[in-house]
Amino acid sequence: MLANLINGISLGSVYAIIALGYTMVYGIAKMLNFAHGDVIMVGGYIAFCSIMYLGWPPALAVIAAMVVCTVLGIVIERLAYKPLRNATSLAVLITAIGVSYFLQNVALLIWSANTKVFPNIFEKLPGIPLGDTTIAPVNVITVLANIVIMIVLTLFTTKTKMGKAMRAVSEDKGAATLMGINVNRTISLTFAIGSGLAAIAGVLLCTAYPTLMPTTGAMPGIKAFTAAVFGGIGSIPGAMLGGILLGVIEIFGKAYISTQLSDAIVFAVLIIVLLVKPTGLLGHKVHEKV
Amino acid sequence: MGTMLKVEDLQVYYGSIHAIKGVSFEVNEGEIVTLIGANGAGKSTTLNTVGGLLKARSGRIMFEDKDLHGVPANKVVAEGMALCPEGRRVFQHMTVLENLEMGAFTRSNAEAEETLEHVYELFPRLKERYRQVAGTLSGGEQQMLAMGRALMSRPKLMMLDEPSMGLAPILVQQIFDIIVDMNKQGTTILLVEQNAQMALSVANRAYVLETGRITMSGDAKELAASEEVKKAYLGG
C-alpha cells in the first residue's frame, strides 16, 4: 500500500515535469506540442550515450541532455511552428504530430529499434527505509526534482520580469507587444524551458523504467498531456496536481484492479473530471469585462 | 512647438479591403489632437498602424524625425510612443502592480519605481488596489489601469483608443480630466474617440475621418461649432 503510494507519487512526479512543458507551451502559444513526448526520448538517448559511450558521470550526462533538448526545442519551434503562427490551430496540431513522427524516425535511424537498457544512475545512493519497505533513491530524487522545479518555476513566473512577461504574452500577445515585449523571443524561451524540463523527465523516467527505444516518449507524453488537461491546462500548479494524481491512480489501478486496464482507468478518470469540470481541476474560465 | 508625429499618405489594407486611403496628419509637441469619426471610419486602424501593430502598405510615419517604417511594434514603445488600446486589454490574471510593471518593461527597475509613484499620484485608486487581480476591477478602473500602464513607459506621445467606451458618464468625465492632467504634465496626446463632443472639448486640434479618408481638420473649438460636424457627430 505504502510502496504503491510512493511509486505512484514518483511516477506522477515525472508526469508532472512533462506536463509542465505541455502546459507552459499551451499557455503561451495556444498549441498542443505533441512532439514534447519525443523530446523526452531524445533526452533519454543523449544521457544514455553520454554515460555508456563517453563514460561521462551522470550529472554531466543530465546537463548534456538538457542542453541538447533545449536547443532542440528552440529549433523545432523556429522551423516547424513559428511559420504557422497565424495558421489555424488544426494545421499546427498536424505539424506537431508530424514533428513527433519525425523525431521518432530520426531516433530509429541513429539508435535503431533495439531496446537499450538505461543504467541505474542512482545505484550508489542508499534507499530510505520506511516501515517494512525501502524507498528507492530514484523515487526520492524524482519527487525532490519535481518540488524544486515547481518552486523555481513559480518564483520565475511571479517574481522575475521575463517570467511576468511570459504570463503577459500568454494572456494577450498584442497588448504584450505594446509593452515592448518581444513575443517571438518569449515563445522561444518557453519552448526552451519546457524542453529542458523534458530532458530531466527523460532521465528520471528511464532510470525508473530502464528500457529505452524510439517510442519511449510517446505514452508518457500522452499521459502527461492528460495530466495537464486533468489539472487545468495552462496552470503550473494544475500540472503538478494532475501529474501526481494520474501517477497514483495508474499505480493503484495496476496493483488493485487490473494491470491491463490501468491505462483505461486513467483515461476514464480524465473523462469524468472533464465532464464535471471542463476546465480541469485548477483551470479557470476566462471572463472579460467590457 | 515642434512636430512630434507626422503621418503622410498612409495606406492600409486588410487583405484586399482598402481601410485607410491616404491619411495624413500631424501632432505637435504638447498638443491634444483627436481623430473623430463614425464606427468603421478607420480611427483605430490608423492608431494601430502608427503603433506598429498593423503594417501600412505605403506612406510614412515620422516620429521626432525618425522614420518608423520597419520598426517592429515592440520597439516602438522604447522610442517614446505608447498606445493605450481599444477595449483596455489589461492583463486580466495579473495584479494591478504587475500590469504596471509590464508597462515599464523596456525600462530599468529604478526608473520604473520612480514613474510608479507618479502614476499612483494620478490614479490613487490603482494604489489602493495594487495587489488586486486586474480582471476583478470595474470597467472604469480597468481603463485607469490601461492608461497608467501606458504611462509607465514614460511616453512623449500617448495614443488613446476609445478611452470612454462603455463607461458611465461620470467616469467618462473623470477619464477626460485625467487626460487633460497627463497633457498638462507634458505628455502629448493623440486621442481617438467616438464621443466626439467630449474629445473636441479637450482637444486643441481635430481631424474628422470618414471611410478611410480625412474629410475635415482644424481647430477643435471651430470644428465643434461647425454645422457639418454638429449634424454628423454631435447629434445636431
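In case you missed it, the structure is sitting above this.
Keep in mind the model is a prediction, meaning the values are calculated, not measured.

## With respect to the overall build of chain B
Reasoning step 1: When you go through chain B residue by residue, the secondary structure sums to 10 helices and 10 strands.
Reasoning step 2: Taken against the 2.2 N^0.38 rule, which gives 18 Å for 236 residues, the C-alpha radius of gyration of chain B at 17 Å falls within 12% of a compact globule.
Reasoning step 3: C-alpha atoms of chain B, sized along the principal axes, occupy 45 × 40 × 35 Å.
Reasoning step 4: Residue burial in chain B is summarised as follows: out of 236 residues, 54% are buried.
Reasoning step 5: Taking contacts inside chain B between residues at least 6 apart in sequence as the whole, the part at least 24 apart equals 68%.

## A closer look at the packing of helix H3 (residues 96-103) of chain B against helix H6 (residues 139-151) of chain B
Residue and element names in this part refer to chain B.
Reasoning step 1: Two elements in contact, H3 and H6, have axes separated by 7 Å at closest approach and are oriented at 35°. As for the relative orientation of H3 and H6, their crossing is right-handed in sense. Every residue of H6 that contacts H3 at Val96, Asn99, Leu100 and Gly103 is listed here: Leu145, Gly148 and Arg149.

## Topic: the sheet that holds strand E8 (residues 188-193) of chain B
Residue and element names in this part refer to chain B.
Reasoning step 1: On the basis of which strands lie adjacent, the open sheet formed by six strands has the order E6-E7-E8-E3-E9-E10 and mixed pairing. At either end of the open sheet lies a strand with only one pairing partner, and these are strand E6 (81-84) and strand E10 (213-219). Across the sheet, the mean angle separating the axes of adjacent strands is 15° when strand polarity is ignored.
Reasoning step 2: Note: E6 against strand E7 (residues 157-161), four bridges, orientation parallel. Paired with methionine 81 across the strands is leucine 157, a residue of E7.
Reasoning step 3: Packed on one face of the sheet, H6 meets E6 and E7 and runs near 165° to E6.

## Here we look at the interface of chain B and chain A
Reasoning step 1: Contact residues are listed per partner, giving 29 residues for chain B and 25 residues for chain A.
Reasoning step 2: Here chain B and chain A share an interface that buries about 2400 Å² over both sides, 58% of which is from carbon and sulfur atoms.
Reasoning step 3: On the chain B side of the contact with chain A, Phe91, His93 and Phe105 of chain B bury the most area, a combined 27% of that side's loss.
Reasoning step 4: Viewed at the interface, chain A and chain B are joined by three salt bridges.
Reasoning step 5: One salt bridge in this structure joins glutamate 98 of chain B and arginine 167 of chain A, with 2.9 Å as the shortest N-O distance.
Reasoning step 6: At the surface where chain B touches chain A, the tally comes to seven residue pairs in polar contact (both at pLDDT 80 or more).
Reasoning step 7: Counting only elements with at least two residues in the side of chain B that touches chain A, the list comes to helix H2 (73-76), H3 and H6 of chain B.
Reasoning step 8: It is H3 of chain B that contributes the most residues to the side of chain B that touches chain A, four residues altogether.
Reasoning step 9: Tallied by class, residues from the side of chain B that touches chain A come to 12 nonpolar, 11 polar and six charged.

## Quick word on the pairing of strand E9 (residues 205-210) of chain B
Residue and element names in this part refer to chain B.
Reasoning step 1: Of all six residues that make up E9, five are buried, and the element is covered over most of its length.
Reasoning step 2: Here strand E3 (residues 32-37) runs beside E9; their pairing, made up of five bridges, is parallel. Bridge assignment links isoleucine 36 to a residue of E9, and that residue is valine 208.

## Considerations on the environment of leucine 212 of chain A
Residue and element names in this part refer to chain A.
Reasoning step 1: Residue placement: leucine 212 occurs in strand E4 (residues 211-212).
Reasoning step 2: When the C-alpha atoms of leucine 212 and alanine 113 are compared, they prove to be 9.4 Å apart, with 99 residues separating the residues in sequence.
Reasoning step 3: Not counting residues within four places of it along the chain, the set of residues in contact with leucine 212 comprises Met41, Gly44, Tyr45, Phe48, Asn114, Thr115, Lys116, Phe118 and Cys206.

## Considering the packing of helix H2 (residues 36-52) of chain A against helix H3 (residues 58-81) of chain A
Residue and element names in this part refer to chain A.
Reasoning step 1: Orientation of H2 relative to H3, taken along the N-to-C sense of each, is 145°, at an axis distance of 8 Å. For the crossing formed where H2 meets H3, the hand is right-handed. Facing H2, whose interface residues are Val39, Val42, Gly43, Ile46, Ala47, Ser50 and Ile51, H3 presents Pro58, Ala61, Ala64, Ala65, Val68, Cys69, Leu72 and Ile76.
Reasoning step 2: By residue class, the composition of the contact of H2 with H3 is 13 nonpolar, two polar and no charged.

## Considerations on the packing of aromatic side chains
Reasoning step 1: For the coordinates displayed, the defined rule picks out nine aromatic pairs over all chains.
Reasoning step 2: With a centroid separation of 4.2 Å and an interplanar angle of 5°, the aromatic rings of tyrosine 45 of chain A and tryptophan 111 of chain A are classed as stacked. Here tryptophan 111 of chain A lies in helix H4 (residues 89-111) and tyrosine 45 of chain A lies in helix H2, a separation of 66 residues in the sequence. When sorted by exposure, tyrosine 45 of chain A lands in the same class as tryptophan 111 of chain A, which is buried.
Reasoning step 3: When the ring of phenylalanine 48 of chain A is compared with that of phenylalanine 118 of chain A, the centres are 6.4 Å apart and the planes differ by 40°; the resulting orientation is tilted. Here phenylalanine 118 of chain A lies in the loop between strand E1 (116-117) and strand E2 (128-130) and phenylalanine 48 of chain A lies in helix H2, a separation of 70 residues in the sequence.
Reasoning step 4: According to the relative accessible area criterion, phenylalanine 118 of chain A is buried, its value standing at 3%.
Reasoning step 5: Of note, lysine 161 of chain A hangs over the ring of phenylalanine 105 of chain B, and the distance from its end group to the ring centre comes to 5.7 Å.
Reasoning step 6: Here arginine 57 of chain B stacks its cationic end above the ring of tyrosine 13 of chain B, 3.7 Å away from the centre of that ring.

## A short note on the sheet that holds strand E2 (residues 17-28) of chain B
Residues and elements named next belong to chain B.
Reasoning step 1: Pairing is antiparallel across the open sheet formed by four strands, whose spatial order is E2-E1-E4-E5. Only two strands of the sheet have a single neighbouring strand rather than two, namely E2 and strand E5 (66-67).
Reasoning step 2: Relative to strand E4 (residues 58-63), strand E1 (residues 3-14) is paired through five bridges, and the arrangement is antiparallel. Directly across from valine 7, in E4, lies its bridge partner isoleucine 61.
Reasoning step 3: Taken strand by strand, helix H1 (residues 43-50) contacts E1, E2 and E4, and its axis lies near 115° from that of E1.

## Some words on H2 of chain A
Given 3.6 residues to a turn, an α-helix orients residues that are three or four positions apart in the same direction.
Reasoning step 1: When the terminal C-alpha atoms of H2 of chain A are compared, their 25 Å separation across 17 residues agrees well with the 24 Å that a helix rising 1.5 Å per residue should span.
Reasoning step 2: In terms of residue burial, H2 of chain A counts as a mostly covered element, since 16 of its 17 residues are buried.

## Some thoughts on the nonpolar core
Reasoning step 1: Membership of the largest hydrophobic core comes to 113 residues, with the highest contact counts inside it found for Tyr81 of chain A together with Leu5 and Leu190 of chain B.
Reasoning step 2: Once you skip the residues sitting within four places of it in the chain, tyrosine 81 of chain A turns out to touch Met31, Asn33, Ala35, Ile76, Val92, Thr95, Ala96, Val99 and Phe191 of chain A.
Reasoning step 3: Counting 48 residues, the second-largest nonpolar core is a separate cluster that includes Leu116, Leu122, Leu137 and Tyr233 of chain B.

Thresholds, definitions, all that
Residues numbered from 1 in each chain as written. Chains lettered and ligands numbered in written order. Predicted model: local features only at pLDDT ≥ 70, side-chain atom pairs only at ≥ 80, totals over all residues. Heavy atoms only, no water. Helix = DSSP H or I, 4+ residues; strand = E, 2+ residues; numbered from the N terminus. Rg over C-alpha atoms; globule rule 2.2 N^0.38 Å. Buried < 20%, exposed > 50% of the residue type's maximum accessible area, 1.4 Å probe, protein only. Contact = heavy atoms within 4.5 Å. Axes fitted to C-alpha atoms, helices over the stretch in contact; angles between N-to-C directions. Left-handed = near helix turned anticlockwise from the far one by under 90°. Pairing = 2+ DSSP bridges. Buried area = accessible area lost by both parts, 1.4 Å probe. Salt bridge = Lys/Arg side-chain N within 4 Å of Asp/Glu carboxyl O. Polar contact = N/O pair within 3.5 Å; in protein donor to acceptor, adjacent residues only side chain to side chain. Nonpolar A, V, L, I, M, F, W, Y, C, P; charged D, E, K, R; others polar. Phe/Tyr/Trp six-rings, centres within 6.5 Å; stacked < 30°, edge-to-face > 60°. Lys NZ or Arg CZ within 6 Å of the ring centre and 35° of its normal. Expected span 1.5 Å × (residues − 1). Core = buried A, V, L, I, M, F, W, Y, C linked by side-chain atoms within 4.5 Å.

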